[in-house]
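# Results of the structural survey
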Amino acid sequence: MSRFLVLFSFVLLFAAGKSIAEPATPTGALGVVIERATGSVLIVDRMQHKAIDRIEGLGDLSHASVNFSPDECFAYVFGRDGGLTKIDLLERRIAKRIVQGGNSIGGAISDDGALVAVSNYEPGGIRVFDADTLDMVADIPAQSKTVGLVELPARRFAWAQWDSGDAFMADLSGAEPVVTRLGATGANPYDAVLSGDGRHFVVGLFGEKGLTLFDMWEDAPAPVRFLSDYGKEGEDMPVYKMPHLQGWAVTEGQFALPAVGRHEVLWVNRDTLDETARTRTHGQPIFVLSQPASPYAWVNFAMPHNDTLQVIDSRSHEVVETLKPGAAVLHMEFSPRGHEVWVSSRDENRIIIYDTHRREVKAEIPAQSPSGIFFTARAHRTGL
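This write-up is about the structure you can find in this document.

Cut-off values and rules
Residues numbered from 1 in each chain as written. Predicted model: local features only at pLDDT ≥ 70, side-chain atom pairs only at ≥ 80, totals over all residues. Heavy atoms only, no water. Phe/Tyr/Trp six-rings, centres within 6.5 Å; stacked < 30°, edge-to-face > 60°. Helix = DSSP H or I, 4+ residues; strand = E, 2+ residues; numbered from the N terminus. Buried < 20%, exposed > 50% of the residue type's maximum accessible area, 1.4 Å probe, protein only. Pairing = 2+ DSSP bridges. Polar contact = N/O pair within 3.5 Å; in protein donor to acceptor, adjacent residues only side chain to side chain. Contact = heavy atoms within 4.5 Å. Axes fitted to C-alpha atoms, helices over the stretch in contact; angles between N-to-C directions. Salt bridge = Lys/Arg side-chain N within 4 Å of Asp/Glu carboxyl O.

### Regarding the packing of aromatic side chains
In this structure the tally under the stated criterion is six aromatic pairs. Taking 5.2 Å as the distance between ring centres and 90 degrees as the angle between the ring planes, the aromatic pair formed by Trp342 and Phe375 counts as edge-to-face. Taken together, the residues Trp342 in strand β29 (residues 340–345) and Phe375 in strand β32 (residues 370–375) connect sequence positions 33 residues apart. Here Trp342 matches Phe375 in class, with each residue buried. Members of the aromatic cluster, each reached through a chain of ring pairs, are Trp298, Phe334 and Tyr354.

### Considerations on the pairing of strand β22 (residues 264–269)
Within β22, five of the six residues are buried, which leaves it mostly tucked inside the rest of the structure. Two elements, strand β21 (residues 254–258) and β22, share five bridges in a ladder whose sense is antiparallel. Of the residues in β22, the one forming a bridge with Ala256 is Trp267. Hairpin geometry of β21 and β22 is characterised by an intervening segment of five residues between the two adjacent antiparallel strands and by a positive phi of about 70 degrees at Gly261. As consecutive antiparallel partners, β22 and strand β23 (residues 275–280) are separated by five residues, and within that stretch Leu273 has a phi angle of approximately 65 degrees, a positive value.

### Thoughts on the side chain of Glu72
The residue Glu72 is located in the loop between β4 (65–68) and β5 (74–78) in this model. Here Gly28 takes part through its backbone nitrogen, which lies 3.0 Å from a polar atom of the side chain of Glu72. Here the side chain of Glu72 touches His380 through a polar contact of 2.7 Å, side chain to side chain. When near neighbours in sequence (up to four residues on either side) are disregarded, Glu72 contacts Thr27, Gly28, Leu89, Thr376, Ala379 and His380.

### Quick word on the sheet that holds strand β3 (residues 50–55)
Strand order across the open sheet formed by four strands is β3-β2-β1-β32, with antiparallel pairing between neighbours. Across the chains shown, the open sheet's two edge strands, defined by having one partner strand only, are β3 and β32. Between one strand axis and the next, the sheet turns by 25 degrees as a mean value, whatever way the strands run. Relative to strand β2 (residues 40–45), strand β1 (residues 30–35) runs antiparallel, the two being bridged by six bridges. Within β2, the position partnered with Val32 by the bridge is Ile43.

### Let's talk about the sheet that holds strand β28 (residues 329–334)
Consider a sheet: its strands pair through backbone hydrogen bonds, and that pairing is either parallel or antiparallel. Strands sit in the order β28-β29-β30-β31 across an open sheet of four strands; the sheet is antiparallel. Pairing within the sheet leaves two strands with one partner each, and these edge strands are β28 and β31 (360–366). Ignoring strand direction, the axes of neighbouring strands in this sheet form an average angle of 20 degrees.

### Digging into the pairing of β5
In terms of burial, β5 is largely enclosed, as four of its five residues are buried. Hairpin connection, β4 to β5: the antiparallel pair is bridged by five residues, and Glu72 has positive phi, about 65 degrees. Between the end of β5 and the start of strand β6 (residues 83–88), which pair antiparallel, lie four residues, with Gly82 showing a positive phi angle near 90 degrees.

### Thoughts on the side chain of Thr281
Relative to the helices and strands, Thr281 is located in the loop between β23 and β24 (285–290). Those residues in contact with Thr281 that sit more than four places away from it in its chain are His263, Glu264, Val265, Phe301, Gln310 and Ile312.

### Here's the deal with the pattern of salt bridges
Overall, the coordinates contain 21 salt bridges when judged by the stated rule. The shortest N-O distance in the salt bridge between Lys86 and Asp132 comes to 3.7 Å. Here Asp132 lies in the loop between β10 (126–130) and β11 (136–140) and Lys86 lies in strand β6, a separation of 46 residues in the sequence. Look at Lys86 and you get buried, because its relative accessible area is 4%. Classification of Asp132 by relative accessible area gives exposed; the value is 58%. Arg350 serves as the salt-bridge partner of Glu364, at 2.7 Å between the closest nitrogen and oxygen. Of this pair, Glu364 sits in strand β31 while Arg350 sits in strand β30 (residues 350–355), and the two are 14 residues apart along the sequence. In this structure, a network of salt bridges that share partners links the residues Glu348, Arg350 and Glu364.

By themselves, these observations are geometric and do not establish any function.
Here it is, written out as structure tokens:
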């Protein structure tokens, strides 16, 4: 064998050995941060506390959300401009992008990861896509803005309609979608949430007081109104930003709900739906999130009080900590077991990472106008 062939073989072996030795990307450590002003996202490693790549060209992300495939390899980003973008987290690139509507407000992925559904303001209704190809498999029209889209077990989705005040469910387990009207929610439902056990579909109302609950474990879920008298004893304040029921707390057998137009968190007994307490807060709550494996709920607020976080003990309903992460705190995301919380400060262009036990800053990551933070652990949780 010539000296050239020996050298060439050595190079090939070295290259192969290097490739084999490269560690695989641990998808369970990954997350996506929305950079709303630039139409980009950061891929972050939550274990290493660092950004590992930036993906650009995702359109209008002013109200964006993210779902993940069950294998944690793909992120589905739902943009405000109707864009649905599938990101390959391993190759750190856009796998496919479509613009499926004119104005969208979130999405959901089926429990088996096969279908991705999008909730539309314009043209209204729900559109469902093959998660692999992003080809449309169902178009469920409505003469209404659709809100609060959630996934249910067995390839089903539920949502509410702003204009008509109704809730619906679609079953896509067969050859054709079967759409069922669940019932009237009340005036102008603005958001909805599904409890982690898949049982309670709760719809928040903007046009009147109260909320509406559907027990999705029942064969024929019926609307049950609660908190209908809340706020009748006082004057409403201007609503600077609508609270998000997609960020709520369920702890100590209670729902912890952001009050619309009030500086309060409402506590409701999960079994009886009776109000049990109110917590006076720093401002109008936006997200009320449960810290995993703890009795605590963390709250952020609408402007002009959006530089602050508060921590509430669900046992006493008292504020036990007030933190000042930075200007325009838009979102929080806990590590799966709750030892950390990542906080976005849009106007200071950074992500702040807190140790939840000491409530001290552990690290910071630069980001461009960050808003939503989403970890791949969401792939294995119902109701997100």
